[in-house]
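Here's the letter readout for the chains.
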Amino acid sequence: MRILIIFSFLFIAFVLTVSCEKDDYSPIENPISPVIVDLASVPYQKLSDYQFFKAPLNMLEPEQGVLEYSLINKLFSDYSIKKRFVWMPEGEKATYVTDDALLSFPVGAVLIKNFYYDNVLPSRTRRIIETRLLFKKTSGWEFADYVWNAAQTEAILDLDGSFTTVDFEKDGMQRTVNYRIPNLLECRVCHKSDDTSFPIGPKPQNMNMVMSYQDGEKNQLAKWQEVGYLEETNATVTALPNWKNPSISLNNRVRGYLEINCAHCHKDTGHCSYRDIRFDFTSSGTDENIGVCEEPDEDLGNGLTHLIRPGTPARSTLYYRLNTNNESERMPLLGRTVKDEEAVQLIEDWINSLNYNCN
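Residues numbered from 1 in each chain as written. Predicted model: local features only at pLDDT ≥ 70, side-chain atom pairs only at ≥ 80, totals over all residues. Heavy atoms only, no water.

(A) Representation of the overall build of the protein within the structure. Within the protein, the regular secondary structure consists of seven helices and 12 strands. Long-range pairs, those at least 24 residues apart, make up 55% of the contacts in the protein between residues at least 6 apart in sequence. Accessible surface computed for the protein: about 18100 Å², of which carbon and sulfur atoms make up 51%. (Helix = DSSP H or I, 4+ residues; strand = E, 2+ residues; numbered from the N terminus. Contact = heavy atoms within 4.5 Å. Areas by Shrake-Rupley, 256 points an atom, 1.4 Å probe, with all protein chains shown as cover.)

Rendered as structure tokens:
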């Protein structure tokens, strides 16, 4: 009998040891939320399997524990509209690092980003194209992309990438885009620091804004703290300037645009680290960092003499790359098939406002 008891204890100890050693073995749950996120099993085959949203799925009405969030400045993606959410396990919180650094998310956190168009022709209805997920595992961030069916009743896991044509009306104009749904490699090109994957948008400086919630308006960072998704901090967060706000100085609006659309690649550990220009908001405060009066390191022709030539957009490579849809020359490299007309006008106005000569 004593031998049997000893054997039983040894067996239990062995099972516990094996369980603890297996990465992401157990489901990470939030008992007040119906969401199902088993890090050992994700990505699931269908978006509905996670139970992030109430039925009908295409209303994108979040379940308990799924919190909507937004950004002051958003990455341009062929005029698509984005609806973002975050979910975390019970008792887990993100922590503040610095204003311009990504929040430090706990294992089990999921970022959910839906891409859609309103006023899609001919019916002038909403069409959701894709829902992208970022999971925080013990090994780092991992991606999953879900493509919505024509009936808008479900989204299916698809990491291969594809194109889909969307005809829609915006600001009284009919537009057509050949929208690119990225493959896994394309996701990693933009969302990487060296060989490590990471989110782009959720930095305190880009989240320090007022949001409307069911219980009223509240600062978004304060709301995250209220629901237990963000550790409290004594830091006073400086908000990024909204590049679409005409009451803000032209220079700061440009810096806000470059931060969200360009800085994630043009940094020391980014995809375009080999170029010496840096577009994060802090670095862009110095003209030399963003290429003012710097000669380009490649000849694209078209009379381009500088990355940014004050007073002359037509001679500026930055302006040319933002203003072209040529796949081999446009910037950003990925994420758009048409140009952001409002941003191109902003950059043109800014370059024209620079009134000094390059030596």
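From this point on, the discussion continues.
(B) Representation of the nonpolar core in the model. Counting 46 residues, the largest nonpolar core has V37, Y50, F52, V86, F105 and W224 as the members making the most contacts within it. At five residues, the largest contribution of residues to this core is made by strand 5 (residues 140-148). (Core = buried A, V, L, I, M, F, W, Y, C linked by side-chain atoms within 4.5 Å. Buried < 20%, exposed > 50% of the residue type's maximum accessible area, 1.4 Å probe, protein only.)

(C) Region of the structure containing the pattern of salt bridges. For the structure shown, the criterion picks out 14 salt bridges. For the salt bridge of K170 with D171, the shortest nitrogen-to-oxygen distance reads 2.9 Å. For K170, a relative accessible area of 25% translates into the label partly exposed. Via salt bridges that share partners, D215, K218, K223 and E226 belong to a single interconnected network. (Salt bridge = Lys/Arg side-chain N within 4 Å of Asp/Glu carboxyl O.)

(D) Representation of the state of the cysteines. A full pass over the atoms with the stated rule returns one disulfide. Between C293 and C358 runs a disulfide, and the two sulfur atoms are separated by 2.1 Å. An S-S torsion of about -85° defines the bridge between C293 and C358 as left-handed. Taken together, the residues span a long stretch of sequence, with C293 in the loop between helix 5 (250-261) and helix 6 (317-323) and C358 in the segment after helix 7 (341-353) at a distance of 65 residues. (Disulfide = S-S within 2.5 Å.)

(E) The packing of aromatic side chains, seen in detail. Counting across every chain of the model gives 13 aromatic pairs. Ring centres of Y50 and Y146 lie 5.8 Å apart, and the angle between their planes is 90°; this geometry places the pair in the edge-to-face category. Linking Y50 in the loop between helix 1 (2-21) and strand 1 (66-69) with Y146 in strand 5, this pair joins segments that are 96 residues apart in sequence. Look at Y50 and you get buried, because its relative accessible area is 0%. Given a relative accessible area of 0%, Y146 falls into the buried group. Consider the rings of F52 and F53, whose centres lie 6.4 Å apart with planes at 70°: the pair is edge-to-face. Each member of the pair, F52 as well as F53, carries the same accessibility label: buried. Among the aromatic residues, those joined into a cluster by ring pairs are Y44, Y50, F52, F53, F85, F135 and Y146. For R180, the ring lying beneath its charged end belongs to F163, and the centroid distance is 4.8 Å. A cation over an aromatic ring shows up here: K223 above the ring of Y213, its NZ or CZ 4.9 Å from the ring centre. (Phe/Tyr/Trp six-rings, centres within 6.5 Å; stacked < 30°, edge-to-face > 60°. Lys NZ or Arg CZ within 6 Å of the ring centre and 35° of its normal.)

Don't take any of this as a statement about function, it's just geometry.
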